Every structure is written in C-alpha cells, then in structure tokens.
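Now for the letters of each chain:
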Amino acid sequence: MVGAAWRSLAEDLERELRNLDPSAVVHPTVDASGLLRLKVVSEVLNRREAGAIARRWQAKAATMCECCGEPDSAVRVAGPDVVTVVCADCDQPVVPASGSERSP
Ligand SMILES: [Zn+2]
C-alpha cells in the first residue's frame, strides 16, 4: 500500500513527464523493502531516461514521510528487512476509529 504523500509525489512526476510525453503514466508501488518504486510507462522516453528520472524521485521519497510528505523524515524498521518512512507526527500506533477519544 502506497502512502498518500507518495501517491501524490507519483502524480507530480506524472504531470512533469507529460510536458515531454502527454501519454506518460507513472505507477507507484512499494518494493519488498518498503520503499517507493516508480514505474514510468512512456512512448517518448527510453528505458534509461525514464529509469533515471524515476530514481531521482524515488530518492526524494526515501526521506519523505509517506503519509504527510514531511521532508527529512526518519526511516524506521517495520519488520525483518522492511522499512517505513514516516515523520514523528505520523509515527503513531494505529488506533481503531471507533475507539475512545485520546488526548494528543
Ligand atoms: Zn508524516
């Protein structure tokens, strides 16, 4: 599951690419280690060009909170060989929506 901020990063990249190729599509996915991967589908850019652009944006995502987009967020270990990139504000345990209210 790709976090909201990472999804909008992929949309920004897609908008930028459409200046070069109006049919360009970007597919955001999360790889096995938990980091953002951007797959660029383009009829104008070749694989090398598309890969270089995607890697630049992936590097940006690697230090950006995947929930809110806060830059310079910490990478945390979420499990064996899996990381998650979140800021301190978003790094909260998941609370059921119907639970009792809690103070900040
Ligand atoms: Zn955040």
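Details of the structure are given in the entry above.
So, here's what we can say about the structure. (Residues numbered from 1 in each chain as written. Predicted model: local features only at pLDDT ≥ 70, side-chain atom pairs only at ≥ 80, totals over all residues.)

A short note on the pairing of strand S1 (residues 25-30)
Here comes step 1: For S1 and strand S2 (residues 36-41), the ladder comprises six bridges, and the chain directions are antiparallel. Looking at S2, one finds that Val 30 is bridged to Leu 36. (Pairing = 2+ DSSP bridges. Helix = DSSP H or I, 4+ residues; strand = E, 2+ residues; numbered from the N terminus.)

Things to note about the nonpolar core
Here comes step 1: Grouped together as the largest cluster of nonpolar side chains are 20 residues, with contacts concentrated most on Leu 9, Leu 13, Leu 38, Val 40 and Trp 57.
Here comes step 2: Among the elements of the structure, helix H1 (4-17), S2, helix H2 (47-61) and strand S4 (82-86) are those that each provide at least two residues to this core.
Here comes step 3: The greatest single-element share of this core, amounting to six residues, is contributed by H1.
Here comes step 4: Dropping the residues within four chain positions of it, Trp 57 is found in contact with Leu 9, Leu 13 and Leu 38. (Core = buried A, V, L, I, M, F, W, Y, C linked by C-beta atoms within 7 Å. Buried ≥ 20, exposed ≤ 12 C-beta atoms within 10 Å, placed from the backbone. Contact = placed C-beta atoms within 7 Å.)

Some points on the environment of Val 82
Here comes step 1: With respect to the element layout, Val 82 can be found in strand S4.
Here comes step 2: Here Val 82 falls in the partly exposed class, since 14 other C-beta atoms lie within 10 Å of it.
Here comes step 3: Val 82 sits 47 residues away from Leu 35 along the chain, and the two C-alpha atoms are 8.5 Å apart.

Digging into the environment of Ala 24
Here comes step 1: By secondary structure assignment, the location of Ala 24 is in the loop between H1 and S1.
Here comes step 2: Along the sequence, Ala 24 and Leu 45 sit 21 residues apart, while their C-alpha atoms lie 8.8 Å from each other.
Here comes step 3: Setting aside its immediate chain neighbours within four residues, Ala 24 contacts Glu 14, Leu 17, Arg 18, Val 40, Val 41 and Ser 42.

Notes on H1
Every α-helical turn comprises 3.6 residues, leaving residues that sit three or four positions apart pointing alike.
Here comes step 1: Between the first and last C-alpha of H1 there are 20 Å, a value that for 14 residues agrees with the 20 Å anticipated at 1.5 Å per step.
Here comes step 2: Listed as buried for H1 are Ala 5, Trp 6, Leu 9, Ala 10, Leu 13 and Leu 17. Relative to the axis of H1, the buried residues are bounded by an arc of 145 degrees and lie together on one face. Among the exposed residues of H1, those pointing more than 90 degrees away from its buried face are Glu 11 and Arg 15.
Here comes step 3: On its buried face, H1 sits against S1, S2 and H2. (Expected span 1.5 Å × (residues − 1). Arc of directions from axis to C-beta.)

A word on the packing of H1 against H2
Here comes step 1: The N-to-C vectors of H1 and H2 enclose an angle of 150 degrees; their axes lie 11 Å apart at closest approach. By the criterion of interaxial angle, the relationship of H1 to H2 is roughly antiparallel. Crossing geometry of H1 relative to H2 is assigned as right-handed. Residues Trp 6, Leu 9 and Leu 13 of H1 form the contact with H2, whose participating residues are Trp 57, Lys 60 and Ala 61.
Here comes step 2: For the contact of H1 with H2, a count of residues per class yields five nonpolar, no polar and one charged. (Axes fitted to C-alpha atoms, helices over the stretch in contact; angles between N-to-C directions. Parallel < 35°, antiparallel > 145°, perpendicular 65-115°, else oblique. Left-handed = near helix turned anticlockwise from the far one by under 90°. Nonpolar A, V, L, I, M, F, W, Y, C, P; charged D, E, K, R; others polar.)

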